[in-house]
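# Coordinates in review
What follows is each chain in one-letter form.
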Amino acid sequence: MQRILSCFTNCYGAAGVWTAVERIRDAGIDHLELALRGHNFGGLVIPDSVVVTEKADDATAQSFRDHLAKHEVKVSGCNVGGADIRTREGLELTQRRIQFAGHWFAVPLVISGAGQPADAAERKTVIDHLRQIGDTAGELGITVALETHKGPTQNAEAMLALMDELDHPQVRLNFDTGNIGYYNDGVNPADELEKVKHLVRNVHVKDSRGGFEDWYFPAVGDGGAVDFTRIREILDGVGFAGPYTIEIEGIKDEPEPGLEGRHERVARSVAHLRACGYH
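We now turn to the structure provided with this report. (Residues numbered from 1 in each chain as written. Predicted model: local features only at pLDDT ≥ 70, side-chain atom pairs only at ≥ 80, totals over all residues. Heavy atoms only, no water.)

Right, let's get into the overall build of the protein. Check the secondary structure of the protein and you find nine helices and 12 strands. Against the 2.2 N^0.38 benchmark of 19 Å for 279 residues, the protein shows a C-alpha radius of gyration of 17 Å, consistent with a compact globule. Dimensions along the principal axes, computed over C-alpha positions, put the protein at roughly 45 × 45 × 40 Å. For the protein, buried positions account for 55% of its 279 residues. In the protein, 76% of the contacts between residues at least 6 apart in sequence involve partners at least 24 apart. Carbon and sulfur atoms form 46% of the exposed surface of the protein, whose accessible area is close to 11500 Å². Mean positive and mean negative side-chain charge positions of the protein (29 and 42 charges, respectively) differ by 2 Å. (Helix = DSSP H or I, 4+ residues; strand = E, 2+ residues; numbered from the N terminus. Rg over C-alpha atoms; globule rule 2.2 N^0.38 Å. Buried < 20%, exposed > 50% of the residue type's maximum accessible area, 1.4 Å probe, protein only. Contact = heavy atoms within 4.5 Å. Areas by Shrake-Rupley, 256 points an atom, 1.4 Å probe, with all protein chains shown as cover. Lys, Arg positive; Asp, Glu negative; His and termini not counted. Charge placed at Lys NZ, Arg CZ, Asp CG, Glu CD.)

And the structure:
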């Protein structure tokens, strides 16, 4: 089975998406999950100016697409999350990002959050908005993969309940092997994956040391809490070939690794996954 190994552009920090394209083949792979927004959480700060957002004009978007072609790099999916989908504004922003991703990068997949409804009324709104997001994606032949975050996708039980209630063919799961331990105390990532494996369309391959709300996301293979061979074997069993997307969010209070340090972590992560059978 030929598996798609990818890397989230956020792994390159403030160096941004253009640099990620230039460096990723040197790390041993040729796919990227493309962030369509900046980031400021958990100490990882990436300004909007170093990503290509849905606000980009045609010349900028085309120039970035040319940059991908020049370096022979493919986009495995676009990360369109970050908006508050409890609101109409958040829904419409997510839809615009999906349309941008489909138009410029012809991706089969986008990754988004599932919102964090505080009560039953907000959950009803989120479900309605996720259905509309699924419809927008479906018109473009795209599947939406929902991130492992606090709330409706926090653990396998919550994911299954959401998927059952939502019941939309274009909305599935992005399983994050690091976040599952961050948001749930004492769970085994592979055990949780086993319960939802048939619904997974993207994986964020993220390592940790398994601590609840412990911001410790090093190079893949350095954490110890995730059995990446077992993760692959579980998903091999349902015919999933990727994308397996490396995500390295760093370690709380560590010094900034810098571009070379970040790139070395990506390369080391690729090597570890190859050793675990991700070919």
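A separate point is the packing of aromatic side chains. Summed over all chains, the structure comprises 10 aromatic pairs. Between F64 and F105 the ring centres are 6.1 Å apart and the planes differ by 85°, which places this aromatic pair in the edge-to-face class. In this pair, F64 is assigned in helix α2 (residues 58–70) and F105 in helix α3 (residues 88–105), connecting sequence segments 41 residues apart. In terms of burial, F64 and F105 fall into one category: buried. Note on Y182 and F217: the rings are 5.9 Å apart at their centroids and 55° apart in plane angle, and the pair reads as tilted. One end of the pair, Y182, is in helix α6 (residues 179–183); the other, F217, is in strand β10 (residues 216–217), with 35 residues separating them in the sequence. Each member of the pair, Y182 as well as F217, carries the same accessibility label: buried. Each member of the aromatic cluster is reached from another via a ring pair, and the members are F41, Y182, Y183, W215 and F217. (Phe/Tyr/Trp six-rings, centres within 6.5 Å; stacked < 30°, edge-to-face > 60°.)

Bringing the packing of α3 against helix α4 (residues 120–139) into the picture now. In contact at an axis separation of 10 Å, α3 and α4 are set at 20° when each is read in the N-to-C sense. By the angle between their directions, the pair α3 and α4 is classed as roughly parallel. Remark: the crossing between α3 and α4 carries right-handed chirality. Each of R88, L91, T94, Q95, I98 and Q99 in α3 lies in contact with α4, whose residues at this interface are H129, Q132, I133, T136 and A137. Partitioning the contact of α3 with α4 into residue classes produces four nonpolar, six polar and one charged. (Axes fitted to C-alpha atoms, helices over the stretch in contact; angles between N-to-C directions. Parallel < 35°, antiparallel > 145°, perpendicular 65-115°, else oblique. Left-handed = near helix turned anticlockwise from the far one by under 90°. Nonpolar A, V, L, I, M, F, W, Y, C, P; charged D, E, K, R; others polar.)

These figures come from the coordinates and say nothing about function on their own.
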